[in-house]
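A look at the structure
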Amino acid sequence: MARTLIRGGLVVTAAEETHADVLVDGERVAAIAAPDVAEAWVPGADRVIDATGMYVIPGGVDAHTHMEMPFGGTVASDTFETGTRAAAFGGTTTIVDFAIQQVGGTLRAGLDAWHAKAEGNCAVDYAFHMILADVNDAVLKEMDQLVGEGVTSFKMFMAYPGVLYSDDGRILRAMQQAADNGALPMMHAENGIAIDVLIEQALAAGRTDPRVHGEVRKALLEAEATHRAIQLARVAGSPLYVVHVSAAEAVAELTAARDLGLNVFGETCPQYLFLSTDDLARPGFEGAKYVCSTPLRPVEHQAALWRGLRSDDLSVVSTDHCPFCFAGQKDLGRDDFSKIPNGLPGVENRMDLLHQAVVDGHISRRRWIELACATPARMFGLHPRKGTIAPGADADLVVYDPAAQQTVSAATHHMNVDYSAYEGRQLTGRARTVLSRGTVVVDDGQYTGRAGHGAYLKRDTCQYLV
């Protein structure tokens with residue numbers, strides 16, 4: 001059992017900031033102590049990492065990724081190997097990906113298919129949510145079985161009729177089951193039936209450009225679906241987690257629910273905080289790079305999102321990482337915006353973009369760690385093993401250089417995609433050394449990990465339910 005000592009850094013968690021040294025024994029944090037106390041640990045350490053002038057933070061927990069996801073006649077370009085390696089470079093040491101039930105199929109078959117994709121390939125630890133595409137009596141029973149196996153969250157879609165869509169009756173039944181078994185229902189909240197009408201009308205009028213994707217997926221239809229999901233959860237007596245919130249009107253629905261004391265939680269993503277419809281409207285077909293759902297919104301929505309993050313009406317920042325290459329994938333919709341695969345790359349950028357938010361004064365350092373590490377770990381049953389620095393926790397640790405300057409670019413990122421959504425953006429801060437369960441997987445820009453190091457995580461239920 002190798003011992004690693006991280007010396008001289010500012011340890012930042014969601015709860016506190018303190019100048020301390022961290023002792024790692026094998027795969028776990030063994031102790032945290034003031035530097036003068038930790039001096040006695042130096043002779044017994046196999047490796048000493050100098051963190052002077054650095055932050056020592058928990059590894060990031062990205063609770064919303066889609067590695068190798070089939071969508072729109074193609075498949076997300078990051079494999080579990082390339083995607084988790086890129087995550088490690090960005091200081092994220094745990095992902096929670098989405099296994100997908102096929103219509104007419106079982107949850108077990110969907111989960112087994114995702115295990116087969118991930119097992120032996122991941123650079124960092126991973127877990128799964130389950131997407132429900134076909135709710136019936138047998139599936140409701142399977143939900144109970146999966147909860148017992150550590151798959152404790154189930155996602156449904158109010159969007160994409162004919163593909164992943166669930167109607168209100170199916171949603172209600174799944175929520176009732178979750179109320180009984182302790183699972184957390186997750187919702188893609190957009191009124192897909194109405195959106196399809198608007199898509200059909202836009203195409204009939206000859207409007208095919210990528211910018212139209214954002215115009216038809218209206219903020220009011222996100223807000224309406226968010227409101228409806230909240231009311232269905234109230235009827236079922238279940239909690240609710242709304243994914244990738246992008247619109248001010250949807251934040252208002254979440255705020256109202258939380259003001260009532262309901263177990264309702266919201267997630268947003270870096271793209272909604274740093275990008276906008278201006279990107280969707282880039283010249284030519286460039287806007288296709290920015291097609292995702294929910295869509296990017298006009299820049300004025302960002303103020304409501306930042307306010308929601310500060311007030312905890314939005315609780316988590318995940319990426320919804322679902323990359324498709326511009327050449328050969330995004331261009332499937334060159335003559336029809338509705339055929340552009342929906343998704344953006346971002347698993348490598350999240351921690352740095354949120355640190356930039358600290359630099360810019362949007363959030364505090366501790367809130368950065370809360371949004372990116374601690375709350376997603378608690379929300380999805382991984383805390384205190386993940387998301388914090390404490391004796392007994394997994395030694396998922398990042399020595400983070402808060403002064404490092406970087407320019408984001410597809411030329412230097414590690415995601416398996418041919419563009420960056422943040423190309424040319426100047427950021428302050430970067431992960432220097434990344435440990436996953438005590439093993440250094442990235443050090444000073446070099447990958448020192450391996451495929452298969454990442455372990456599958458069985459999750460407990462959500463720790464925020466009252």
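These lines cover the structure that appears in this document, whether it is placed above or below.

Thresholds applied
- Positions within a chain are numbered from 1, following the residues in the order the chain's sequence is written.
- This being a predicted model, a pLDDT of at least 70 is required before a residue's local features are given, and a value of 80 or more before pairs of side-chain atoms are given or counted; all residues contribute to the totals for chains, interfaces and linings.
- The basis for the side-chain values is all heavy atoms of the structure; hydrogens and waters are excluded.
- Under the scheme used here, helices are H or I runs from DSSP no shorter than 4 residues and strands are E runs no shorter than 2 residues, and both carry numbers assigned from the N terminus.
- Throughout, radius of gyration means the C-alpha value; the globule benchmark is 2.2 Å times the number of residues raised to the power 0.38.
- Relative accessible area decides the class of each residue, using a 1.4 Å probe on protein chains only: under 20% of the type maximum gives buried, over 50% gives exposed, and in between gives partly exposed.
- Whether two residues are in contact is decided by their heavy atoms, any of which lying within 4.5 Å being enough.
- Here the accessible surface of atoms and residues is derived via Shrake-Rupley with a 1.4 Å probe, and residues count as covered only by protein chains that are part of the display.
- His is not counted, nor are the chain ends, whereas Lys and Arg count as positive and Asp and Glu as negative.
- All charge positions are set by atom: Lys at NZ, Arg at CZ, Asp at CG, Glu at CD.
- With a 1 Å grid spanning the protein atoms alone, the term cavity applies to any set of points in which a 1.4 Å probe fits but cannot get out, the term pocket to an open set with protein on both sides within 12 Å along at least five of seven lines, and the term lining residue to any residue with an atom within 4 Å of a point.
- Grid points are joined across faces, edges and corners, and a volume is the space filled by probe spheres set on the points.
- Here the term charged refers only to Asp, Glu, Lys and Arg, the term nonpolar to Ala, Val, Leu, Ile, Met, Phe, Trp, Tyr, Cys and Pro, and the term polar to all other amino acids, Gly among them.
- Axes here mean lines fitted to C-alpha atoms, for a helix over just the part in contact, with angles spanning 0 to 180 degrees between N-to-C directions.
- Here is the rule for angles: anything less than 35 degrees is roughly parallel, anything more than 145 is roughly antiparallel, 65 through 115 is roughly perpendicular, and the remaining ranges are oblique.
- By convention the crossing between two helices is left-handed if the near helix lies anticlockwise of the far one by an angle smaller than a right angle, and right-handed if it lies clockwise.
- Note on aromatic pairs: the rings of Phe, Tyr and Trp (six-membered ring only in Trp) are paired at centre separations within 6.5 Å, and the planes decide the class, stacked below 30 degrees, edge-to-face beyond 60, tilted for the rest.
- We call a charge positioned above a ring when the Lys NZ or Arg CZ atom is no farther than 6 Å from the ring centre and deviates by at most 35 degrees from the ring normal.
- The term polar contact refers here to a pair of N or O atoms within 3.5 Å; inside protein, the definition further demands a hydrogen-donor-capable atom paired with an acceptor-capable atom, and it admits residues adjacent in sequence only when both atoms are side-chain atoms.
- Criterion used throughout: strands pair if DSSP finds at least two bridges between them.

Turning our eyes to something else, we now look at the overall build of the chain. For the chain, the helix and strand inventory stands at 14 helices and 21 strands. Since a compact globule built from 466 residues should have a radius of gyration of about 23 Å, the 21 Å found for the chain is in line with a globular shape. Scored against the burial criterion, the 466 residues of the chain give a buried share of 61%. Put simply, 76% of the contacts in the chain that link residues at least 6 apart link residues at least 24 apart. Taken as a whole, the chain presents about 16200 Å² of accessible surface, with 49% of it coming from carbon and sulfur. With 40 positive and 58 negative side-chain charges, the chain shows a separation of 1 Å between the mean positions of the two kinds.

Here we take up empty space enclosed by the protein. One way to see where empty space is left: roll a probe the size of a water molecule over the atoms. Under the criterion given, the structure shown has two cavities of 30 Å³ or more. Roughly 140 Å³ of internal volume is contained in the largest cavity. Around the largest cavity, the lining comprises 17 residues; the ones closest to its centre are His 66, Tyr 160, Ser 293, Asp 320 and Asn 342. Residue composition of the lining of the largest cavity, by class: eight nonpolar, seven polar and two charged. For the second largest cavity, the calculated volume is near 40 Å³. Lining the second largest cavity, in full, are Pro 270, Gln 271, Thr 319, Leu 344, Pro 345, Gly 346, Asn 349, Arg 350, Leu 353 and Tyr 422. When contributions to the lining of the second largest cavity are tallied by element, the ones reaching two or more residues are α10 (270-274) and α13 (350-359).

As a further point, take the packing of helix α4 (residues 137-148) against helix α5 (residues 168-181). Closest axis-to-axis distance for the α4/α5 pair is 10 Å, and the angle between their directions is 30°. Classified by the angle their axes make, α4 and α5 are roughly parallel. Relative to α5, the crossing made by α4 is right-handed. Contacts between α4 and α5 pair Asp 137, Leu 140, Met 143, Asp 144 and Val 147 from the former with Arg 173, Ala 174, Gln 177, Ala 178 and Asn 181 from the latter. The residue makeup of the contact of α4 with α5, split by class, is five nonpolar, two polar and three charged.

Along the polypeptide, Leu 305 turns up in helix α12 (residues 301-311). Relative accessible area serves as the criterion here: at 0%, Leu 305 is assigned to the buried category. A C-alpha to C-alpha distance of 31 Å links Leu 305 and Gly 9, two positions 296 residues apart in sequence.

For the structure on display, the rule yields 14 aromatic pairs. With a centroid separation of 6.3 Å and an interplanar angle of 90°, the aromatic rings of Phe 80 and Phe 128 are classed as edge-to-face. With Phe 80 in helix α2 (residues 80-89) and Phe 128 in strand β12 (residues 125-131), this residue pair connects regions lying 48 residues apart in the sequence. For the residue pair Phe 80 and Phe 128, the accessibility class agrees, reading buried in each case. One aromatic cluster in this structure is built from Phe 71, Phe 157, Tyr 160 and Phe 324. Lying over the aromatic face of Phe 326, Lys 289 brings its terminal NZ or CZ to 4.9 Å of the ring centre.

A word on the side chain of Asn 342. Tracing the backbone shows Asn 342 in the loop between β17 (316-317) and α13. For Asn 342, a relative accessible area of 11% corresponds to the buried category. A distance of 3.2 Å separates the side chain of Asn 342 from the side chain of Tyr 160, its partner in a polar contact. A polar side-chain atom of Asn 342 sits 2.9 Å from the main-chain carbonyl oxygen of Ile 340. In this structure, Asn 342 is in contact with Phe 71, Tyr 160, His 213, Val 291, Cys 292, Ser 293, Cys 322, Phe 324 and Lys 330, ignoring residues within four places of it in sequence.

With mixed pairing, seven strands are arranged side by side in an open sheet as β3-β2-β7-β18-β19-β20-β21. The open sheet terminates on both sides in strands that have one partner only, identified here as β3 (17-19) and β21 (446-447). Judged from the two bridges that link them, strand β20 (residues 439-443) and β21 form a sheet pairing that is antiparallel. Bridge assignment links Asp 443 to a residue of β21, and that residue is Gln 446. Those strands touched by α13 are β7 (55-58), β18 (397-407) and β19 (426-436), and its axis lies near 130° from that of β19.

The subject of this paragraph is the pairing of strand β11 (residues 92-100). Within β11, nine of the nine residues are buried, which leaves the element mostly enclosed by the surrounding structure. In this structure, strand β8 (residues 60-65) lies alongside β11, joined through four bridges in parallel fashion. Bridge pairing in β11 links Asp 62 to Ile 95. Sheet analysis places β11 next to β12, joined by seven bridges and oriented parallel. For Thr 94, the partnering residue across the bridge sits in β12 and is Asp 125.

Strand pairing in a sheet takes place through backbone hydrogen bonds and is either antiparallel or parallel in direction. Taken in spatial order, the eight strands line up as β8-β11-β12-β13-β14-β15-β16-β17 in an open sheet, and their pairing is parallel. Where the open sheet ends on each side, the last strands, each with one partner, are β8 and β17. Relative to the sheet, α2 contacts β11 and β12, its axis offset from that of β11 by approximately 145°. Helix α14 (residues 365-379) rests against β8, β14 (184-188), β15 (240-242), β16 (264-268) and β17 of the sheet, and its axis sits at about 65° to β8.

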